[in-house]
Structure formats: C-alpha cells, structure tokens
Amino acid sequence: MQDYVAEATGVVFNIQRFSVHDGPGIRTTVFLKGCPLRCAWCSNPEALRMGPQIITRDVKCIRCGKCVEACPEKAIAVVENKRTIDWGNCNSCMKCAEVCPSGAIEATGRYMTVAEAMDPVGRDAGYYQHSGGGMTISGGEPLVQWQFALQLLREAKRMELHTALDTTGYADWEILDQLLNFTDLVLYDVKHPNAARHQESTGVPNERILDNLRRTAAKPGLTVWVRYPLIPHFNDSEETLEELCDLVLPLKPAVEKISLLPYHKFGEGKYAALGKTYPWKDISTISEAQVEKLKKLVQSH
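Everything numeric here is computed off the predicted structure, so don't read it as measured data.

Caption draft 1: Quick look at unusual backbone geometry. G139 connects to G140 through a cis peptide bond whose omega is 15 degrees. In this structure, the amide linkage connecting K252 to the following residue, P253, adopts the cis form with an omega of 5 degrees. When you line up the elements, P253 lands in the loop between α9 (238-248) and β12 (255-262). We note that F18 has phi near 55 degrees; this positive angle belongs to a residue other than glycine. By secondary structure assignment, the location of F18 is in strand β1 (residues 9-19). On the accessibility criterion, F18 (42% relative accessible area) is partly exposed.

Caption draft 2: Representation of helix α8 (residues 207-218) in the model. For α8, with 12 residues, the first-to-last C-alpha span of 17 Å sits near the 16 Å given by 1.5 Å per residue. Buried within α8 are the following residues: I209, L210, N212, L213, T216 and A217. Projected down its long axis, α8 carries its buried residues within an arc of 160 degrees, all on one side.

Caption draft 3: Fine view of the pattern of salt bridges. Scanning all chains against the criterion turns up 14 salt bridges. With a shortest N-O distance of 3.0 Å, K270 and E46 are connected by a salt bridge. Here K270, found in helix α10 (residues 268-273), pairs with E46, found in the loop between β2 (27-32) and β3 (53-56); they are 224 residues apart in sequence, far enough to count as distant. On the basis of relative accessible area, K270 is assigned to the partly exposed category, the value being 24%. One network of salt bridges, with partners in common, ties together D22, D166 and R227.

What counts, and at which threshold
Residues numbered from 1 in each chain as written. Predicted model: local features only at pLDDT ≥ 70, side-chain atom pairs only at ≥ 80, totals over all residues. Heavy atoms only, no water. Helix = DSSP H or I, 4+ residues; strand = E, 2+ residues; numbered from the N terminus. Buried < 20%, exposed > 50% of the residue type's maximum accessible area, 1.4 Å probe, protein only. Expected span 1.5 Å × (residues − 1). Arc of directions from axis to C-beta. Salt bridge = Lys/Arg side-chain N within 4 Å of Asp/Glu carboxyl O.

These figures capture arrangement, not role.
Here it is, written out as structure tokens:
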C-alpha cells in the first residue's frame, strides 16, 4: 500500500475481515475506539475509551507472576493461586500485557497508521468486486476519531471501493458532512426517538442525532440504513416503533430500510475482563415472537 494522501494514526481495536453484517456483500470492517455515548447494553465496552487498555483472559493465566513484577502501580497480585487486579490503580501502561507469556492479559486497541489499517482492506479487494462489498468504518463511534476515519474513507475511495460508515451521528454536522463526501452507505444508529428516554439510557440527548439524520438523508447520492437496537423495557414497545416509523418515513427514498437488532448478551463477558460490572445482566432477551411482531409493524408502514 502506498501513495496515501497523508499519514495519520488512530486507535483501532479490531479489523474484521469477511464481514457480512455491516453493509452489502463481503466487507472489511475497521473498528475505531472511543464513544461519547454510554449505552447501558453496550456489547463492545472495550470501544468506549479512546486509548489502548488491558483486557484479561483469566482462563489463560498460568500465575507466573511476571505481570506482578512488571506493574509500576503495584495493581496486580497473585493471591491464593489467583491473579487479581486493582482496576482503580491501573493506568493502562500496558507493561503487564507486554510480558504476559500466555495471553492472559492483552492490549485492546492499538495505534495504527492509515497504511496499516488499509493493508487488510486492500488485500480483500477481489472479494468486494465479486460480492458488491467494500470497507465499513465502525466503532465505538468513528466520529470521535473523525480525522483518521476521514483519511480511511478517502483512501478507500481512491482505491474505488464501496464505503460504509456505521455511526450514531453524535457530532457537529460539519464533521459528519466531511466524512459523508467519501461515503456510499450510512448505517445510522437510532437508539430511541424520544429525547428524554434517549438521554436516560445513553447519557446524551438525541436532538443532534436526529437532526444529523435528516441532513444525511437530504445529502445527494447517499443511501441510509437505519439501525435500531431492540432493547427490553427501553425501546421495544409498539408505540416507540410507531414513533420511529413516523420519524423515518419522510426521509425516504434515501433511507432504504430499518434494521431491527435484537438485544443480546454476547458482550457480557467483556465487562469482567475489563474490570467492569455488566449493568444489564438481569435483563432478559427479546423473544423471537416479539421481534417478528415488531418487524411486521415496521413493514406495515
């Protein structure tokens, strides 16, 4: 890979090749760290903080004590044949991850240049051509690292790839608009149509999000798919789905569809691995029957 418009670095926590859920065709999804929202059900808690941090895999720990010796904050101990971490004293220096021989402590998130992030994207170009796929930028919230995301999208378009941006739209319009100039498809996350309810469970209001959605839908040449997480006791009522449809219908034809994403607990184990408590561990998932009922409601519009 060469001839980049400029070299920049960003914090990436995953590059998922052969992805089929982040836009059309076979795609490579680049996940950037950092998010201004604090959704109680978040399945990627490792994406919330901007910088690299440690994540633990206790089942791999061989209790060798190398992490104890390496930690400058004395935040790690091996007590009664079990490794413990004082997460309050951890400063994410990564020294423990550097010396761990078994992968029981790893770094999640690393600084990458545009060239490094785009290398796996370019290697799969043949799959995109045959499947109608391309590159997706996701997070976290990519708009937190908008300058880096912008350069990735620019480079993808230089390579004549289809591009998708997975975003909550929570940023100044001037920032989002720059990225949209190099975007073909926007996967636009809407958590709740009501401002008060949105702030209650995400930590931020939704007025800017919804305003940017309308502006995005009005921008020529863009396709928008609204993504709506179905969260029990939060936004899964028929009344709330009706509000969502009322919001989205005037935005056709730019908004092609609403994707209902049922709540799951696949990310629950990550919270303990990051020294956090999963806030929604007592919440049940939504039944298939309820999902199908809400799907038909949306289709009826």
